[in-house]
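Coordinates in review
Here is what each chain is made of, one letter per residue.
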Amino acid sequence: MKPRAQKKKKLTRNNSTNQGYTAVIKQDRGWWIGWVEEVPGVNCQEASRRELLKTLRVTLKEALKFNRQEALRSAGDEFEEAQIAP
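Residues numbered from 1 in each chain as written. Predicted model: local features only at pLDDT ≥ 70, side-chain atom pairs only at ≥ 80, totals over all residues. Heavy atoms only, no water.

Turning our attention to the overall build of the protein chain. Each helix and strand counted, the protein chain has one helix and three strands in total. Listing the helices and strands of the protein chain from first to last along the sequence gives β-β-β-α. By residue count, 16% of the 86 residues in the protein chain fall in the buried class. Counting contacts in the protein chain only where the partners sit at least 6 residues apart, residues at least 24 apart contribute 36% of the total. Accessible area for the protein chain stands at about 7,500 Å²; split by element, carbon and sulfur atoms hold 50% of it. (Helix = DSSP H or I, 4+ residues; strand = E, 2+ residues; numbered from the N terminus. Buried < 20%, exposed > 50% of the residue type's maximum accessible area, 1.4 Å probe, protein only. Contact = heavy atoms within 4.5 Å. Areas by Shrake-Rupley, 256 points an atom, 1.4 Å probe, with all protein chains shown as cover.)

To continue, consider the pattern of salt bridges. One pass over the full model with this rule turns up one salt bridge. With a shortest N-O distance of 3.0 Å, Glu 70 and Arg 73 are connected by a salt bridge. Here Arg 73 and Glu 70 lie together in helix H1 (residues 49-75), a separation of three residues that amounts to about one turn. (Salt bridge = Lys/Arg side-chain N within 4 Å of Asp/Glu carboxyl O.)

For a regular strand, side-chain orientation follows a simple rule: the groups alternate between the two sheet faces. With four bridges joining them, strand S2 (residues 31-36) and strand S3 (residues 43-46) adopt antiparallel strand pairing. Across the sheet, the residue bridging to Trp 32 is Glu 46, located in S3. What sits between the antiparallel neighbours S2 and S3 is a turn of six residues, in which Gly 41 has the positive phi angle 95 degrees. (Pairing = 2+ DSSP bridges.)

The subject of this paragraph is the pairing of S2. The two faces of S2 differ: Trp 32, Gly 34 and Val 36 on one face are buried, but Trp 31, Ile 33 and Trp 35 on the other face are not. Two elements, strand S1 (residues 23-28) and S2, share six bridges in a ladder whose sense is antiparallel. Considered in S2, the bridge of Lys 26 is made with Ile 33. Following S1, the chain reverses through two residues before pairing antiparallel with S2; Arg 29 in that reversal takes a positive phi of roughly 55 degrees.

In this structure, Arg 29 takes a positive phi of about 55 degrees despite not being glycine. With respect to the helices and strands, Arg 29 occurs in the loop between S1 and S2. Taking relative accessible area as the criterion, Arg 29 reaches 79% and is therefore assigned exposed.

Here it is as structure tokens:
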């Protein structure tokens, strides 16, 4: 017998999880450049180290939000969300 499809469930996201990300940063020809190891495509360049870290945080938040929205859109109307940890 085929399992019954589950209706879309919305989970309350706990923003207090201590999910950490690693920024790789270096100075090159007067610029600070950096990227986030765990999320491809999150990379930035700034004139100062402080501004680079700030921009990386903003860019990471935007990328994670976009990735979540894209995943939910791809799932269609019926899906289940489950929290997992590495």
